Amino acid sequence: MSQPSAARSEGQIGSLIVSAMFMLAGAFTLYDAASYTDRDSQVFPQTVAVILIITAGISFITRLLKPNDRGGIGQGSWWRRIVLVLSMLIACLLMPKVGFLPAGVIAFAGGLIAAMHDKWTLRTVLLYWGSGAVVMVCFFSLFKYVLHVPLP
């Protein structure tokens, strides 16, 4: 049984909007990174921005050429989406003031709360927060000591 055309167009339009937003975010990042005074500081954000624009562009073109009713904004828990987006925005805004790791904790906590559908137990709290701490320290070390990305 096929879905109504309203659901199909909502998934189609939602996917196109999300892809376009990611392309714009990549373009803004390219523009912003061009103003960095240290040439080494430009490489990482520009590389990520180009990859973001290319992958979002592929998604956009694919969705235009081959419409699909899956994906897009669709159904789901809106409070989880809001928590995820807000935690990411708050982390981005606070990063210059509090540093990479504290802002990473905020972003990780928001993502974990938004993604956790099962019941919280002591084991899951310890496992998720412990593994999250390891991942954040590894990323911090990778950016700071291997890639030499200047971190706040």
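Everything below is about the structure shown above.
Model, not experiment: these values are computed from the prediction.

Caption draft 1: Highlighting the overall build of the protein. Helix and strand content of the protein: five helices and zero strands. Along the protein, helices (α) and strands (β) appear in the sequence α-α-α-α-α when read from the amino end. Counting over 152 residues, the protein shows a buried share of 22%. Nonlocal contacts in the protein, meaning residues at least 24 apart in sequence, comprise 63% of its contacts between residues at least 6 apart.

Caption draft 2: Summary view of the packing of helix H4 (residues 100-115) against helix H5 (residues 122-146). Interaxial distance between H4 and H5 falls to 10 Å at its minimum, and their mutual angle equals 140 degrees. Taken together, the axes of H4 and H5 lie oblique to each other. Taken as a pair, H4 and H5 cross one another with a handedness that is right-handed. Where H4 abuts H5, its residues Phe100, Leu101, Gly104, Val105, Phe108, Ala109 and Leu112 lie against Tyr128, Trp129, Gly132, Met136, Val137, Phe139, Phe140 and Phe143.

Caption draft 3: Inspection of the side chain of arginine 63 at higher detail. Along the chain, the position of arginine 63 falls in helix H2 (residues 39-65). For arginine 63, a relative accessible area of 15% puts it in the buried group. Here the side chain of arginine 63 touches serine 15 through a polar contact of 3.3 Å, side chain to side chain.

Caption draft 4: The packing of aromatic side chains, seen in detail. Taken as a whole and assessed by the stated rule, the structure comprises six aromatic pairs. Consider the rings of phenylalanine 100 and phenylalanine 140, whose centres lie 6.0 Å apart with planes at 40 degrees: the pair is tilted. Linking phenylalanine 100 in helix H4 with phenylalanine 140 in helix H5, this pair joins segments that are 40 residues apart in sequence. Each member of the pair phenylalanine 100 and phenylalanine 140 is classed as buried. Measuring from ring centre to ring centre gives 6.4 Å for phenylalanine 140 and tyrosine 145, while their planes differ by 85 degrees; the resulting arrangement is edge-to-face. Taking relative accessible area as the criterion, tyrosine 145 reaches 53% and is therefore assigned exposed. These aromatic residues form a ring-pair network of at least three members: Phe44, Phe100, Phe139, Phe140, Phe143 and Tyr145.

Caption draft 5: Quick look at a nonpolar patch on the surface. Nonpolar side chains collect at one region of the surface, where Phe44, Val48, Val135, Phe139, Leu142, Tyr145, Val146 and Leu147 lie side by side and expose about 710 Å² of accessible area between them. Looking at the nonpolar patch, the element that brings in the most residues is H5, giving five residues. As for its placement among the helices and strands, valine 48 is situated in helix H2.

Caption draft 6: View of helix H3 (residues 78-98). Between the first and last C-alpha of H3 there are 29 Å, a value that for 21 residues agrees with the 30 Å anticipated at 1.5 Å per step. Bending of H3 peaks at approximately 30 degrees at the position of cysteine 92, with proline proline 96 no more than four residues after it. Considered for burial, the residues of H3 that qualify are Arg80, Ser87 and Ala91. A positive backbone phi angle near 105 degrees is found at glycine 99, which sits one or two residues after H3.

Caption draft 7: Region of the structure containing H4. Taking 1.5 Å per residue as the helical rise, H4 with its 16 residues ought to reach 22 Å, and the 22 Å between its terminal C-alpha atoms agrees with that figure. Three or more residues of H4 are buried, namely Phe100, Ala103, Gly104, Ala107, Ala109, Gly110, Leu112 and Ala114. Along its buried surface, H4 packs onto H3 and H5.

Basis of the calculations
Residues numbered from 1 in each chain as written. Predicted model: local features only at pLDDT ≥ 70, side-chain atom pairs only at ≥ 80, totals over all residues. Heavy atoms only, no water. Helix = DSSP H or I, 4+ residues; strand = E, 2+ residues; numbered from the N terminus. Buried < 20%, exposed > 50% of the residue type's maximum accessible area, 1.4 Å probe, protein only. Contact = heavy atoms within 4.5 Å. Axes fitted to C-alpha atoms, helices over the stretch in contact; angles between N-to-C directions. Parallel < 35°, antiparallel > 145°, perpendicular 65-115°, else oblique. Left-handed = near helix turned anticlockwise from the far one by under 90°. Polar contact = N/O pair within 3.5 Å; in protein donor to acceptor, adjacent residues only side chain to side chain. Phe/Tyr/Trp six-rings, centres within 6.5 Å; stacked < 30°, edge-to-face > 60°. Patch = residues over 30% accessible without salt bridge, like charges linked within 9 Å, V, L, I, M, F, W, Y side chains within 5 Å. Areas by Shrake-Rupley, 256 points an atom, 1.4 Å probe, with all protein chains shown as cover. Salt bridge = Lys/Arg side-chain N within 4 Å of Asp/Glu carboxyl O. Expected span 1.5 Å × (residues − 1). Bend = angle between axes of the 7 residues up to and from the residue.

Everything listed here is a matter of coordinates, which is why it stays silent on function.
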